[in-house]
Amino acid sequence: FPNTIVSIDYKAFMGTSLKTVTIPEKLTNIAFNAFSDCENLEKVTFNAVNCGGTVSPVFSGCPKLKTIVIGSKVTAIGSYMFSYTPIESITLGKSVKSIDYKAFKESKLKKINLPEKLQNISCQYGIHEGTGRVTIKMVDKETKDVIKEFPAEETLELIAKAWELAGIMVDKRL
């Protein structure tokens, strides 16, 4: 792909006969199932520096996918990016600082080589007061900065406010 591409849409290459894929540095979004069911896909070279994750697998159903090369400038592996793949080992690029939620879920991964600069991350679990929903925060152990949170605090606050307003409207009608 040319380095000018910034997004690959839902099912864009699903079921194609691609053997190799090189994801360019400037790509910021790969929609779910973009490369699913590519039965001949053997190698992915992932160079996207700031590519976010998805809510569903990107490379699932690619039975020959054994090699994933993570470029030296990549800083994060997005959610579900390589979940449900047959990869058995991976070496992350030296710039990777975070690995998002379920990035390798149900892959055949047996070995992973982590970069030296991978941040010291812990997970904190809790219950959001306004919604009662489970929250997960990835926190840098040294700085205590929140790196990522699931679901986002802002989203939960909006849900809580909507519930509160809906309750007020119901109370006034009764």
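Throughout what follows, the structure given in this document is the object of discussion. (Residues numbered from 1 in each chain as written. Predicted model: local features only at pLDDT ≥ 70, side-chain atom pairs only at ≥ 80, totals over all residues. Heavy atoms only, no water.)

### Quick word on the packing of aromatic side chains
Alright, step 1. Taken as a whole, this structure holds 6 aromatic pairs when the rule is applied.
Alright, step 2. Between Phe13 and Phe35, the ring centres sit 5.2 Å apart and the planes meet at 5°, which makes this aromatic pair stacked. With Phe13 in the loop between strand S1 (7-8) and strand S2 (20-23) and Phe35 in the loop between strand S3 (29-30) and strand S4 (43-46), this pair connects stretches of sequence that are 22 residues apart.
Alright, step 3. Phe35 gets classed as buried once you look at its relative accessible area, which sits at 0%.
Alright, step 4. These aromatic residues form a ring-pair network of at least three members: Phe13, Phe35, Phe46, Phe59, Phe82 and Phe104. (Phe/Tyr/Trp six-rings, centres within 6.5 Å; stacked < 30°, edge-to-face > 60°. Helix = DSSP H or I, 4+ residues; strand = E, 2+ residues; numbered from the N terminus. Buried < 20%, exposed > 50% of the residue type's maximum accessible area, 1.4 Å probe, protein only.)

### Here's the deal with unusual backbone geometry
With the exception of glycine, most residues fall at negative phi, and the peptide bonds are largely trans.
Alright, step 1. Positive phi is not limited to glycine here, since Asp37 has a value of about 60°.
Alright, step 2. Summarising the element assignment, Asp37 is placed in the loop between S3 and S4.

### Overview of the state of the cysteines
Alright, step 1. Within this structure, the stated rule accounts for 0 disulfides.
Alright, step 2. Summary of cysteine pairing: Cys38 is not part of a disulfide, and the nearest cysteine sulfur, belonging to Cys62, is at 4.8 Å.
Alright, step 3. Overall, the relative accessible area of 0% leaves Cys38 in the buried class. (Disulfide = S-S within 2.5 Å.)

### Comments concerning the side chain of Thr85
Alright, step 1. With respect to the helices, strands and loops of the structure, Thr85 is situated in the loop between strand S6 (76-77) and strand S7 (89-91).
Alright, step 2. For Thr85, a relative accessible area of 2% gives the class buried.

### Re the side chain of Thr131
Alright, step 1. Residue placement: Thr131 occurs in the loop between strand S10 (121-127) and strand S11 (134-140).
Alright, step 2. You can call Thr131 buried: its relative accessible area is 12%.
Alright, step 3. Here the side chain of Thr131 touches Arg133 through a polar contact of 3.3 Å, landing on its backbone nitrogen.
Alright, step 4. Ignoring sequence-local partners within four residues, the contact set of Thr131 consists of Leu156, Ile159, Ala160 and Trp163. (Polar contact = N/O pair within 3.5 Å; in protein donor to acceptor, adjacent residues only side chain to side chain. Contact = heavy atoms within 4.5 Å.)

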